[in-house]
Amino acid sequence: MPLLIFWQNATSLSDQSVASGGPMSNAAAYPSIIAWILLALSAINALRIVAGQISHPSPLDPTATTRLALIATGLLVVYLLCLGWLGYYRPRRSCWQLFSRCRG
């Protein structure tokens, strides 16, 4: 998820000229801060796993809230996929075009 946030900041928000400047004009500042926090928490969790401090893995048995979580995730994905169809902004460049440009 953080990589998607950084990609949005580098493409669509930069294209709209809202990814620089002060805190009132920089729409990319808050998502970037959240992305860095997520990356830091992921790194801490990875270190805990490697160090063996997480000794009991999560059970794979579904709980009462598993179905609700799957439905909510599915609804979010459908919502995001429908945004372009509903007329909201769609980035001009795809993720693959961004990465191919970096490779030269």
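Residues numbered from 1 in each chain as written. Predicted model: local features only at pLDDT ≥ 70, side-chain atom pairs only at ≥ 80, totals over all residues. Heavy atoms only, no water.

A. Summary view of the overall build of the protein chain. A count of helices and strands for the protein chain gives five helices and zero strands. Ordered by position from the N terminus, the helices and strands of the protein chain form the series α-α-α-α-α. A sequence separation of at least 24 residues applies to 56% of the contacts in the protein chain between residues at least 6 apart. Taken as a whole, the protein chain presents about 8700 Å² of accessible surface, with 69% of it coming from carbon and sulfur. (Helix = DSSP H or I, 4+ residues; strand = E, 2+ residues; numbered from the N terminus. Contact = heavy atoms within 4.5 Å. Areas by Shrake-Rupley, 256 points an atom, 1.4 Å probe, with all protein chains shown as cover.)

B. Quick peek at the confidence of the model for the protein chain. Mean pLDDT over the protein chain: 76, with 74% of residues reaching 70 or higher. When pLDDT is averaged over each element of the protein chain, helix 4 (residues 66–82) comes out on top at 89 and helix 5 (residues 95–103) at the bottom at 53. (pLDDT = per-residue confidence, 0-100.)

C. Layout of helix 3 (residues 29–51). Between its first and last C-alpha atoms helix 3 spans 33 Å; for 23 residues at 1.5 Å apiece the expected length is 33 Å, and the two agree. Downstream of helix 3 by a residue or two, Gly-52 has a phi angle that is positive, lying close to 80 degrees. (Expected span 1.5 Å × (residues − 1).)

D. Layout of the packing of helix 1 (residues 2–10) against helix 3. One can describe the packing of helix 1 onto helix 3 by two numbers: an axis separation of 9 Å at closest approach and a directional angle of 155 degrees. Classed by the angle they form, the pair helix 1 and helix 3 counts as roughly antiparallel. Both helix 1 and helix 3 take part in a crossing whose hand is left-handed. Along the contact surface, helix 1 presents Pro-2, Ile-5, Phe-6 and Asn-9, while helix 3 presents Pro-31, Ser-32, Ala-35, Trp-36, Leu-38 and Leu-39. (Axes fitted to C-alpha atoms, helices over the stretch in contact; angles between N-to-C directions. Parallel < 35°, antiparallel > 145°, perpendicular 65-115°, else oblique. Left-handed = near helix turned anticlockwise from the far one by under 90°.)

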